[in-house]
Amino acid sequence: LTGKSPDLESTGSGTTTKRSSVSSGSRSRTRRDFLTRFTNSEHLTNKLQDWFALLVESSESNEPVFDPPFELVELQKFDYALEGVSFQQLTRMPNAVYASTSTSVEANAYLAIEDFLHATVKTLWEAFWSQEDEPALFYALRILIARSVSRLDFSQSSNCVFILVADTQYGCVVKVEGDVSKLDFDVNSVYDCAAEWIKNHSKISVSPVDRIWNKLGNANWGDIGTLQVVFATYHSIMQFFGPPRHSIEDLAADHTSRLHSRRQERHLGEDTSLNGNGAFRSPEIVEVQEEQEERGESMKLEVGSVLWLEDSNYQKGYQISHVSLPHHIASPVEDDDDSGRAVFLYVGSPPSQLEPAWEDMNLWYQVQRQTKVLSVMKQRGLSSKYLPELHGSGRVIHPGQCQKPSSGGRCDHPWCGTPILATTPVGETVADLVNEGRFGPEEAIRCCHDCLSALSSSSSGGIRHGDIRPENVVYVTSGVRLPYFVLIGWGHAVLEDRDRPAMNLHFSSTYALQEGKLCAASDAESLIYMLYFCCGGDLPDLDSVEGALQWRETSWSKRLIQQKLGDVSTILKAFSDYVDSLCGTPYPLDCDIWLRRLKRNLSEDHGKDIETSG
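Each value, and the rule that gives it
- Here the residue numbers are simple positions, counted from 1 along each chain's written sequence.
- Note on the predicted model: pLDDT of at least 70 is required for a residue's local features to be given, and 80 or more for side-chain atom pairs to be given and counted; whole-chain, interface and lining totals, by contrast, use all residues.
- The basis for the side-chain values is all heavy atoms of the structure; hydrogens and waters are excluded.
- Definition of nonpolar core: a set of buried residues of the types Ala, Val, Leu, Ile, Met, Phe, Trp, Tyr and Cys, connected through side-chain atoms within 4.5 Å.
- Throughout, exposure labels follow a simple rule: accessible area from a 1.4 Å probe, protein chains only, divided by the maximum for the residue type, with under 20% read as buried, over 50% as exposed, and the rest as partly exposed.
- These domain limits were set by an automatic method or by a database of domain assignments.
- For two strands to be treated as a pair, DSSP must find at least two bridges joining them.
- What counts as a helix is a DSSP run of H or I of at least four residues, what counts as a strand is a run of E of at least two, and both are numbered from the N terminus.
- Working rule for contacts: check all heavy atoms of both residues, and any pair within 4.5 Å makes them a contact.
- Here an axis means a line fitted to C-alpha atoms, over the contact stretch when the element is a helix, while the angle between two N-to-C directions is reported on a 0 to 180 degree scale.
- Only protein atoms enter the 1 Å grid used here, on which a cavity is any set of points holding a 1.4 Å probe that cannot leave and a pocket is any open set flanked by protein within 12 Å on both sides along at least five of seven lines; residues with an atom within 4 Å of a point are listed as lining.
- Grid points are joined across faces, edges and corners, and a volume is the space filled by probe spheres set on the points.
- Under the scheme applied here, ten amino acids are nonpolar (Ala, Val, Leu, Ile, Met, Phe, Trp, Tyr, Cys and Pro), four are charged (Asp, Glu, Lys and Arg), and all others, including Gly, are polar.
- Centres within 6.5 Å are what make two rings of Phe, Tyr or Trp a pair, Trp counting through its six-membered ring; a difference in plane orientation under 30 degrees is then read as stacked, over 60 as edge-to-face, and the rest as tilted.
- A positively charged side chain is recorded as over a ring if its NZ (Lys) or CZ (Arg) lies within 6 Å of the ring centre. The angle to the ring normal must also be within 35 degrees.
- Any residue with relative accessible area above 30% and no salt bridge may belong to a patch, with like charges joined within 9 Å and the nonpolar Val, Leu, Ile, Met, Phe, Trp and Tyr side chains within 5 Å.
- Surface exposure here means Shrake-Rupley accessible area, sampled with a 1.4 Å probe, where a residue is shielded only by the protein chains that are shown.
- Any Lys or Arg side-chain nitrogen found within 4 Å of a carboxyl oxygen on Asp or Glu counts as a salt bridge.

### So, the nonpolar core
Note that soluble globular proteins tend to have their nonpolar side chains buried in a common cluster.
Then step 1. Counting 69 residues, the largest nonpolar core has Phe439, Cys447, Ile463, Met530, Leu531, Leu572 and Phe575 as the members making the most contacts within it.
Then step 2. The residue makeup of this core includes at least three contributed by each of domain 2 (302–426) and domain 3 (429–605).
Then step 3. In terms of nonpolar packing, the next biggest core, distinct from the first, is built from 31 residues, Phe78, Trp129, Ala232 and Ile248 among them.

Structure (structure tokens):
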């Protein structure tokens, strides 16, 4: 309407604007009236009791009714970002050593929780948003812009709320998502409408209840219970003030250098203790060593050790023949069908650790999460010689009498409840082949074919790998006529939209580094990076996501990856060109045609036909 008189607008768009404003005002009044009457939580609870009871009945035993709001990998990255951040030590404690039921103590507990939230918000703001030399006008404009953008492109943030639930020791996070516009604002049946919206239009996530304060009342800033509350607060601040100045990836990028520095300090401490001069030894390092020694004594595995696992239907034993990480090599015990057949044996962390280290999270992905993924593959009928097969899973049977109170509990024995996963087949990793100079052009083509076949089979069931690297591909030679590769390490696999893949600066796809998700060609892109590095491509020194993205952009634009793979095989160069054309797009990979082309190259070399997929 540029250039028109305001008087002319009243007959056209002015009428529409007036009607729109009247409709909006009426809707706002209806919602205010609804909110005025929506005051009694007990009435809503009564409306939801049958619904919640049905959810409890339909959920599996020992499984939470609601999924957690945060993935462990998200919390791990957030923890890395907070490594260089100092949280305030609180003086006011919610749970005093000599607690009483007096009113003053109860009031002090509420103030202590307020101190905790204040310290959380203050530290997060200073770490991610604040910069002292910027004027309260810069942020005013930044907030206004962030809100306007949020209304246009990030409307989901306004449909999400985090609730922090805490008492004097423990806490958890409740996340509720939903489109409030789908709520029927009938002021005559407020609680019925609210209950129906919760049942049909909301998504509820609840984190595990973990300890936030120690026995003295101080906050355990580095523990996972506190971390999930802090992470929820971070998201809440971001919803209101917009994206932070410093991203989590930016701050987490220094984790590798900090870890290297700590290892150097620890090595220095060990050297000085061996020399006997006592020149330097950090108390923190001593504590870490004692913790690791304690864990090592709790479950020592060596060649010849036998581990028995208990499942709901059977007991099965495995005798270890080779000790290594992340998996051991073992043979089934007293099983005529599997006599002489080797398996990969993954042993998880004992659940006795109340505050597990992040290293134990890696074991969780390798054991519990991979067990779930392989079970889902079996349920969905996904089968291929290039995919691992679930041989056995369950909890370890420890020596002596188990005194666990129930089937879901555990006794005081340090082994009790330790999860175990056994998979077949067994082989050498591609990383080992490369280190020993045994990964030539023939192995590269076969590796590409076999991994692509595995990805084709898994993607047909809606599963993507998300963590392709040389350590997660094994070369099977024992007991077979023609050696082949198997894609293992499915702990970070993506089963649904909320799952997040592993983040690897060298092998993750561009889309995974940018968005934290996988596109249709992400696994194939990671496969190309693995082949490139394993065939002699220059391994860059990457220490940040930005550096990794820059390396990918430069390498693809200059065709460095295609040229290197072209020196190995023309079919690998052609395949890398094809993957390059699909990177970041929603278009699916045409696996069948490339499996046929790779198969023809292998058939020429060996004169024999090979399996493609399925």
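### Topic: the sheet that holds strand β11 (residues 428–429)
Sheets are built from strands paired through backbone hydrogen bonds, the pairs being either parallel or antiparallel.
Then step 1. Ordered in space as β11-β12-β13, the three strands form an open sheet in which the pairing is antiparallel. Of all strands in the sheet, those with a lone pairing partner are β11 and β13 (484–487), marking the two edges.
Then step 2. Alignment of strand β12 (residues 473–476) against β13, held across four bridges, turns out to be antiparallel. Paired with Tyr475 across the bridge in β13 is Phe485.
Then step 3. Strands in contact with helix α14 (residues 441–459) are β12 and β13; relative to β13, the strand with the most contacts, it is inclined by about 40°.

### Things to note about the sheet that holds strand β10 (residues 419–424)
Then step 1. An order of β5-β6-β7-β8-β10-β9 is seen for the six strands of this closed barrel, with the pairing classed as antiparallel. When the angles between neighbouring strand axes are averaged without regard to direction, this sheet yields 45°.
Then step 2. Pairing of strand β5 (residues 306–310) with strand β6 (residues 315–322), which is carried by five bridges, proceeds in the antiparallel orientation. The residue bridging Leu307 from the neighbouring strand is Tyr318, located in β6.

### Comments concerning empty space enclosed by the protein
Then step 1. Of the volumes computed, that of the largest cavity is approximately 70 Å³.
Then step 2. Around the largest cavity, the lining comprises 13 residues; the ones closest to its centre are Gly466, Asp467, Phe507, Ser508 and Ser526.
Then step 3. Per-element accounting of the lining of the largest cavity gives the leading share, three residues, to helix α16 (residues 522–534).
Then step 4. Residue composition of the lining of the largest cavity, by class: five nonpolar, six polar and two charged.

### Remarks on the packing of aromatic side chains
Then step 1. Going through the model one piece at a time under the given rule, you end up with 18 aromatic pairs.
Then step 2. Ring geometry for Phe231 and Tyr234: centres 6.0 Å apart, planes at 15°, overall stacked. Taken as a pair, Phe231 and Tyr234 lie in helix α8 (residues 224–241) at a separation of three residues, close to a single helical turn. Like Phe231, the residue Tyr234 is buried in the burial classification.
Then step 3. With centroids separated by 6.0 Å and ring planes inclined at 80°, the aromatic side chains of Tyr386 and Tyr484 adopt a geometry described as edge-to-face. Here Tyr386 is found in the loop between α12 (358–379) and β9 (389–397), whereas its partner Tyr484 is found in strand β13, with 98 residues between them in sequence. The exposure classification of Tyr386 matches that of Tyr484, with both residues buried.
Then step 4. Through a chain of ring-to-ring contacts, three or more aromatic side chains come together here, namely Phe507, Tyr529, Tyr532, Phe533, Trp551 and Trp556.
Then step 5. When the ring centre of Tyr484 is taken as origin, the NZ or CZ atom of Lys385, which lies over that ring, is 4.4 Å away.

### Some words on a nonpolar patch on the surface
Then step 1. A contiguous nonpolar surface patch, about 210 Å² in accessible area, is contributed by Phe52, Val56 and Val65.
Then step 2. Inspection of the secondary structure assignment puts Phe52 in helix α3 (residues 41–58).

Everything listed is a geometric property; what it means functionally is a separate question.
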